[in-house]
Amino acid sequence: MSGHSLAKKSLFVGSFIHSKSLDSLEILHDTVIGVDEKGVIISVEKGLSLEKAKETLFPRLGWEASDVTVRVAQSGQFFFPGFIDTHIHASQYPNAGIFGKTTLLDWLNKYTFPMESSLASLPKAKTVYTRCIERTLSHGTTTAAYYATISVPSTNLLADLCLSHGQRAFIGRCCMDTLSPDFYRDESPESSIADTKATIEYIKKIDPDNNLVTAIITPRFAPSCTSELMHGLGALQKETNLPVQTHISENKNEIELVKKLFPDSKHYTDVYNSHGLLCSKTILAHGVHLSEDEVDMIIDRKAKISHCPASNSAITSGTAKIRWLLQKGVEVGLGTDMSGGYSPSILEAIRQAALVSRHVAMSGDDEAKLSIEEVLFLGTKGGAQVVGLADKIGSFEVGKEWDAQLIGLGSVDETEVGGVKDEGGVDIFGWETWDDRVAKWVYNGDDRNTLAVWVKGRLVHERKV
């Protein structure tokens, strides 16, 4: 599938659910959405059947029925915006679920650096990246902010594969020239910047308008970058106006290390700020232990936070205070942080965000609890804000692009006998309200409920039955 091929005109019919705001979902029934050949939503019509749409909407849009692909959500199914993973390491996919009893710094050395360095082998990288993309698409992830490796050919391959599979992606070549194994580090600040420029130019060549794939400047995290390298990357950001992604305040030992390495900086956030890497296009992963002053600086610079709850629990990093960040005015999305996070699923990150917020509440702040509506916002509209695409994706509105998934939930038929069908872990008995159905999907759903996925109007995944 070419990343530049056009979709057909499409009509989607049935029930649609999306976030209107942080704390409210809109549930639309008997609705049709028209999507043009460029994958842009051009019509949202409520209270309209397929037959009525053909009679009234098609003439108004100048459409011929023979030119339109129609997809109808069956009873109990609904369309939902595609998930946005604001922090994921494609190069770590084979290690998903493997972390033992490690914490961040020893986890990097024991599991992560050896795996990433091995992907300098392009056949191995192709196998890993292909499955990572296929797997995340199958979980409804239509946009991903990927970390690759230090290898330019391997990073460029990830960009090629995202484009060919039709997944919207930000592709980052990891920059790291210190405090990394000899077998896996950039030779110098100059070589790191040159290699980053090489990937930027390659992505510009294969997707000149960034229709799907965009380069993202990626200093791995402050401890693995010299000051010279970070200054160079900060200058590169100003020159290119590209987004930036890195890690911050994930683990207490990491924070202490940053203090020792950068004694002239006020705090971890100031390290990035003083090197020109903190701006409105910066995605900061984790932010578990941020101070008030750091959050104020993040707000002032309009940087964003990627909350990675599954990872923060798995490698014992801590519980991020998301309610506090939201109330302060920080824009927050969700990340799987695979393979610190054990799952490639943003739906898993959504439920873990709800559960982690309850752990914060159990420490004495009952207001910290996040609702179903709020965590779904973080996985869609919030993520769109974080990756700088709030005007393009995240909800079903005229002028936005059709990045969506069709969700099907298992129904319980009292006349059926003979065991459980493979329809996922959600059982709908028929008496549930739609709010209850959504809650059951959030807490019990998985990729078996993701029946089909579209990016920019093109079908990129369909569940095999």
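Preceding block: the structure.
Residues numbered from 1 in each chain as written. Predicted model: local features only at pLDDT ≥ 70, side-chain atom pairs only at ≥ 80, totals over all residues. Heavy atoms only, no water.

**Focus: the overall build of the chain**
Rules: Helix and strand labels come from DSSP, where a helix needs a run of H or I of at least four residues and a strand needs a run of E of at least two; each type is numbered from the N terminus. The globule rule used here is 2.2 Å times the number of residues to the 0.38 power, and the radius of gyration it is set against is calculated over C-alpha atoms. Exposed residues in this analysis have more than 50% of their type's maximum accessible area, buried residues have under 20%, and partly exposed residues fall in between, with area computed by a 1.4 Å probe over protein chains only. In this description, contact between two residues means that some pair of their heavy atoms is separated by no more than 4.5 Å. Every accessible area reported is derived by Shrake-Rupley at a probe size of 1.4 Å, with residue values counting cover from the shown protein chains alone. Charged-residue counts in this description rest on Lys and Arg as positive and Asp and Glu as negative, His and the chain ends being excluded. All charge positions are set by atom: Lys at NZ, Arg at CZ, Asp at CG, Glu at CD.
Of the regular secondary structure elements, the chain holds 14 helices and 20 strands. The C-alpha atoms of the chain give a radius of gyration of 22 Å, which matches the 23 Å a tight globule of 465 residues would have. Based on the C-alpha atoms only, the size of the chain along its principal axes is roughly 65 × 50 × 45 Å. Out of the 465 residues belonging to the chain, those deemed buried represent 60%. Contacts spanning at least 24 positions in sequence make up 72% of the contacts within the chain whose residues lie at least 6 apart. Carbon and sulfur atoms form 51% of the exposed surface of the chain, whose accessible area is close to 18100 Å². Both charge centroids of the chain, one from 48 positive and one from 60 negative side chains, sit 2 Å from each other.

**Description of helix H3 (residues 122-138)**
We count it as follows: Given the number of residues in a helix, its expected span is that number minus one, multiplied by 1.5 Å.
Counted at 1.5 Å a residue, the expected span for H3 with its 17 residues is 24 Å, and the 24 Å between its end C-alpha atoms agrees. Three or more residues of H3 are buried, namely Ala-125, Val-128, Tyr-129, Thr-130, Cys-132, Ile-133, Thr-136, Leu-137 and Ser-138. For H3, the secondary structure elements touched by its buried residues are strand E6 (83-89), strand E7 (141-147), helix H4 (152-165), strand E19 (450-455) and strand E20 (458-462). Downstream of H3 by a residue or two, Gly-140 has a phi angle that is positive, lying close to 90 degrees.

**Digging into the side chain of Thr-141**
Positionally, Thr-141 belongs in strand E7. With residues up to four places along the chain from it excluded, the contact list for Thr-141 reads Phe-83, Asp-85, Thr-136, Gln-167, Pro-344 and Ile-346.

**Concerning the sheet that holds strand E13 (residues 282-286)**
Here is the rule we go by: When DSSP finds two or more bridges between two strands, those strands count as paired. Axis geometry follows a simple rule: fit a line to the C-alpha atoms, using only the stretch in contact for helices, then measure angles between N-to-C directions, giving values from 0 to 180 degrees.
Taken together, the 4 strands give an open sheet; going across it, the order is E12-E13-E14-E15, and neighbouring strands pair in parallel fashion. Each end of this open sheet is capped by a strand with a single partner; those strands are strand E12 (244-248) and strand E15 (331-334). Pairs of neighbouring strands in the sheet enclose a mean axial angle of 30 degrees, with direction left out of account. With 4 bridges connecting them, strand E14 (residues 304-307) and E15 associate as parallel partners. The residue bridging Lys-304 from the neighbouring strand is Glu-331, located in E15.

**Points about the sheet that holds strand E8 (residues 168-172)**
Pairing is parallel across the open sheet formed by 4 strands, whose spatial order is E6-E7-E8-E10. The open sheet has two free edges, formed respectively by E6 and strand E10 (213-215), since each of these has just one partner strand. Along the sheet, successive strands turn relative to each other by an average axial angle of 15 degrees, direction set aside. Bridge count between E6 and E7: 5 bridges; the pairing is parallel.

**Some thoughts on empty space enclosed by the protein**
Just so we agree on the cut-off: A cavity here means a set of 1 Å grid points, computed over protein atoms only, where a 1.4 Å probe fits but cannot escape. A pocket is an open set with protein on both sides within 12 Å along at least 5 of 7 lines, and lining residues have an atom within 4 Å of a point. Grid points are joined across faces, edges and corners, and a volume is the space filled by probe spheres set on the points. Residues are grouped as follows: Ala, Val, Leu, Ile, Met, Phe, Trp, Tyr, Cys and Pro are nonpolar; Asp, Glu, Lys and Arg are charged; every other residue, Gly included, is polar.
By the definition in use, this model includes 3 cavities of 30 Å³ or more. What the largest cavity holds in volume is close to 80 Å³. For the largest cavity, the full set of lining residues is His-89, Gln-92, Leu-104, Trp-107, Leu-108, Arg-220, Phe-221, His-247, Glu-250 and Asp-337. Considering each element in turn, the lining of the largest cavity owes the most residues, 3 residues, to helix H2 (residues 104-118). Taken together, the residues of the lining of the largest cavity sort by class into 4 nonpolar, 3 polar and 3 charged. If you add up the space inside the second largest cavity, you get close to 50 Å³. Looking at the second largest cavity, the residues that line it are His-307, Ala-320, Lys-321, Ile-322, Arg-323, Ala-353, Val-356, Ser-357, Val-360, Ala-368 and Leu-370. Mapped onto the lining of the second largest cavity, the elements with two or more residues apiece are helix H11 (322-328) and helix H12 (346-362). Per-element tally for the lining of the second largest cavity: the top contributor is H12, with 4 residues. Grouping the constituent residues of the lining of the second largest cavity by class yields 7 nonpolar, 2 polar and 2 charged.

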